[in-house]
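One letter stands for each residue in the lines below.
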Amino acid sequence: MTKRALITGITGQDGSYLAEFLLEKGYEVHGIKRRASLFNTQRIDHIYEDPHSNHAQLKLHYGDLSDTSNLTRLIRDIEPDEVYNLGAQSHVAVSFEAPEYTADVDAIGTLRLLEAIRFLGLEKQTRFYQASTSELYGLVQETPQRETTPFHPRSPYAVAKLYAYWIAVNYREAYGMYACNGILFNHESPRRGETFVTRKITRGLSNIAMGLEPCLYMGNIDSLRDWGHAKDYVRMQWMMLQQDTPEDFVIATGKQYSVREFINWSARELGIELEFSGSGTEETATVAAIKGDKAPALKVGDVVMRIDPRYFRPAEVDTLLGDPSKAKEKLGWVPEITAQEMCADMVAEDHKAARRHALLKEHGLDLPVSLEG
Ligand code: NDP
Ligand code: GDR
């Protein structure tokens, strides 16, 4: 029997990798996409199948996590074996600007899905994965963070995700549903949204190297994160739903680096040595040496990074470091891609795009580069 999966957030970073993974496993994959005024399926266009074909294994449906009747109808029609709830307003800084919307989608959206499954009598049939987050630990109470570490969320996003975490646990305990939380630490890829810190750096420095952008403006570069590759992490999302009993798992690499270190790695991938000087909001990064030909627009002494307090958060999560021992012991999961390899992968893709852009510019086809942070 072909298994059916429903993915909310299929157009996002994780949704796109998970859809690829499940299609390779032979699943019929259904995804919810939002109506937008421009196409928003770039991350899944390569796996898109003509809906007129009877054999299409990937099916997209319009919908939104804020719309109860839409979600209920979709679950009724699809009767999924597995639901992966990856849809969310997922940007921590934006959640301070739009706290109510974030709560509606990230917290109540999760409840809407669980309740639809229960209301339709599918609670013993449909397995549920909740995209929980290391942001739940926020102001950390223990290092490294594991499944038993107390939570202290530090943003409207994290508070909304706390509700989602507990409502998934509650439906498991109250109704015997197979529901689990993956408590995932930061994971990135060339498909990462452009305003998350790693992608902002790899894309920004690649653009600067090719003369498309003047300077990178950053927030708190002392922040410490445990970064993995999204490809490794979606494999674990599926594994969690294949066990005999539902459980929650921390997914992390167990290694921690600063944003400043990530800037240095990215620069080195472009053949640039940086020198950091000054402190606080006066800190800058200057080009100290250049090797190779990946940064034709730069010369020694150019300032490529400055601090802009606009990117500081009202409450910051300064440090996160996960302990993935449970995932390793119970599921045999270990991440295969290191943070440095992931960074190299991201810079390679962003530099390729910047070169393409610069070439078009050279031939008079000057497309604007979005500089939104
Ligand atoms: P993205 O921001 O890349 O993707 C989010 C997805 O959710 C997009 O498909 C987006 O649609 C969709 N979405 C947003 N709002 C709604 C809505 N109102 N209704 C339906 N869909 C909506 O996130 P990631 O792929 O990085 O993350 C996936 C999930 O994992 C998220 O829930 C995130 O909070 C969580 N998470 C992520 C981590 C990470 O490091 N990446 C770590 C821990 C948890 P559109 O494309 O139209 O914007
Ligand atoms: P995070 O990721 O908040 O951890 O949430 P993000 O990449 O946005 O920030 C990581 C750290 O970098 C600092 N920082 C900056 N961040 C951004 N976006 N832009 C900047 O200019 C900048 N300068 C410094 C931040 O302050 C922060 O400390 C991500 C999201 O994917 C969530 O959905 C997910 O739940 C968590 O990871 C785990």
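Because the structure is predicted, anything quoted here is derived from the model rather than measured.

About the thresholds
- Residues numbered from 1 in each chain as written.
- Chains lettered and ligands numbered in written order.
- Predicted model: local features only at pLDDT ≥ 70, side-chain atom pairs only at ≥ 80, totals over all residues.
- Helix = DSSP H or I, 4+ residues; strand = E, 2+ residues; numbered from the N terminus.
- Rg over C-alpha atoms; globule rule 2.2 N^0.38 Å.
- Buried ≥ 20, exposed ≤ 12 C-beta atoms within 10 Å, placed from the backbone.
- Contact = placed C-beta atoms within 7 Å.
- Pairing = 2+ DSSP bridges.
- Axes fitted to C-alpha atoms, helices over the stretch in contact; angles between N-to-C directions.
- Near = placed C-beta within 6 Å.
- Nonpolar A, V, L, I, M, F, W, Y, C, P; charged D, E, K, R; others polar.
- Arc of directions from axis to C-beta.
- Parallel < 35°, antiparallel > 145°, perpendicular 65-115°, else oblique.
- Left-handed = near helix turned anticlockwise from the far one by under 90°.
- Right-handed = clockwise from strand over helix to strand, strands pointing away.
- Core = buried A, V, L, I, M, F, W, Y, C linked by C-beta atoms within 7 Å.

Asker: Would you mind showing me how to read the overall build of the protein chain here?
Answerer: Helices and strands together make up the secondary structure of the protein chain, namely ten helices and 15 strands. Here the C-alpha radius of gyration of the protein chain, 21 Å, is about what a compact globule of 373 residues would show, namely 21 Å. Referenced to the eigenvectors of the C-alpha coordinate spread, the extents of the protein chain come out at roughly 65 × 50 × 40 Å. Put simply, the protein chain has 373 residues, and 45% of those count as buried. Look at the contacts in the protein chain between residues 6 or more apart in sequence, and 74% of them connect residues 24 or more apart.

Asker: I keep staring at the sheet that holds strand β15 (residues 303-307) and nothing clicks. Help me out?
Answerer: Strand-to-strand pairing in sheets goes through backbone hydrogen bonds, with the strands running parallel or antiparallel. Pairing is mixed in the open sheet, where four strands are placed in the order β8-β15-β14-β13. Both edges of this open sheet fall to β8 (216-218) and β13 (272-277), since each of them pairs with a single strand only. Neighbour to neighbour, the strand axes of the sheet diverge by 25° on average, direction disregarded. Sheet topology places β8 next to β15; three bridges connect them, and they run parallel. Bridge pairing in β15 places Leu216 opposite Met305.

Asker: Where do I start with the site of ligand 2 in this structure?
Answerer: In the neighbourhood of ligand 2, 24 residues make up the surrounding shell, with Val92, Thr133, Val197, Gly219 and Ser223 lying closest. When the residues that make up the shell around ligand 2 are grouped by side-chain class, the tally is ten nonpolar, nine polar and five charged.

Asker: Explain the pairing of strand β5 (residues 127-133) here, please?
Answerer: Side-chain positions along a regular strand alternate between the two faces of the sheet. Within β5, seven of the seven residues are buried, which leaves it mostly tucked inside the rest of the structure. The side-chain alternation of β5 yields two buried faces, one formed by Arg127, Tyr129, Ala131 and Thr133 and the other by Phe128, Gln130 and Ser132. Bridging between strand β4 (residues 82-85) and β5 involves four bridges; their strand directions are parallel. Bridge pairing in β5 places Val83 opposite Phe128.

Asker: Please clarify how the site of ligand 1 should be interpreted in this entry.
Answerer: Taken together, 26 residues sit near ligand 1, with Gly9, Gly12, Gly87, Ala88 and Ala131 positioned nearest. Mapped by element, the contributors of at least two residues to the shell around ligand 1 are α1 (13-24) and β5. Looking at which element gives the most residues to the shell around ligand 1, the answer is α1, with three residues. Counted by class, the shell around ligand 1 contains eight nonpolar, 15 polar and three charged residues.

Asker: Teacher, can you tell me more about helix α8 (residues 259-269) here?
Answerer: Structurally, the α-helix is built with 3.6 residues per turn, so residues lying three or four positions apart point the same way. All buried positions along α8 are accounted for by Phe262, Ile263, Ser266, Ala267 and Glu269. Down the axis of α8, the buried side of the element spans an arc of 155°, and every buried residue falls inside it. Looking at the buried positions of α8, the neighbouring elements they touch are α6 (197-209), β12 (257-258), β13, β14 (284-290), β15 and α10 (339-362). Looking one or two residues beyond α8, the residue adopting positive phi is Gly271, at roughly 80°.

Asker: Would you take a moment to explain the packing of α8 against α10 for this structure?
Answerer: The axes of two packed helices give the description: the angle between them and the distance between them. Relative to each other, α8 and α10 sit at 50°, their axes nearing to 9 Å. Comparing the axis directions of α8 and α10 gives the class oblique. In this structure, α8 crosses over α10, and the sense of that crossing is right-handed. Taking contact as the criterion, the partners of Phe262, Trp265, Ser266 and Glu269 in α8 are, on α10, Gln340, Cys343, Ala344 and Val347. Among the residues making up the contact of α8 with α10, the classes are represented as five nonpolar, two polar and one charged.

Asker: I keep staring at the pairing of strand β6 (residues 179-184) and nothing clicks. Help me out?
Answerer: Summarising burial for β6: six of the six residues are buried, a large majority. Here β6 shows no split at all, with Ala179, Asn181 and Ile183 on one side and Cys180, Gly182 and Leu184 on the other all buried. Where β5 meets β6, six bridges bridge the pair, whose relative direction is parallel. Looking at the pairing, Phe128 lines up with Ala179 of β6. Following the backbone out of β5, through helix α5 (residues 156-175) and into the adjacent parallel β6, one traces a crossover that is right-handed.

Asker: Explanation requested: the nonpolar core in the structure shown.
Answerer: One broad trend across soluble globular proteins is that nonpolar side chains are buried collectively. One finds Ile7, Leu18, Ala19, Phe128, Ala168 and Ile251 to be the most contacted residues of the largest nonpolar core, which totals 65 residues. The dominant element in this core, judged by the number of residues it contributes, is α5, at ten residues. Contacts of Ala168, omitting those with residues within four sequence positions, involve Thr110, Leu114, Phe128, Gln130, Ala179 and Asn181.

Asker: Explain the environment of Lys294 here, please?
Answerer: Looking at where Lys294 falls in the secondary structure, it is placed in the loop between β14 and β15. In this structure, Lys294 is in contact with Ala209, Leu270, Gly271 and His351, ignoring residues within four places of it in sequence.

Asker: Hey, could you run me through the sheet that holds strand β11 (residues 249-251) in this one?
Answerer: The strand order across the open sheet built from seven strands is β3-β2-β1-β4-β5-β6-β11, with neighbouring strands paired in parallel fashion. Edge positions in the sheet fall to β3 (58-62) and β11, since each has one partner strand and no second. Sheet twist, expressed as the mean angle between neighbouring strand axes with direction ignored, is 20°. Helix α4 (residues 99-119) contacts β4 and β5 of the sheet and is inclined by roughly 170° relative to β4. On top of the sheet, α5 reaches β5 and β6; it is set at about 150° to β5, its chief contact.

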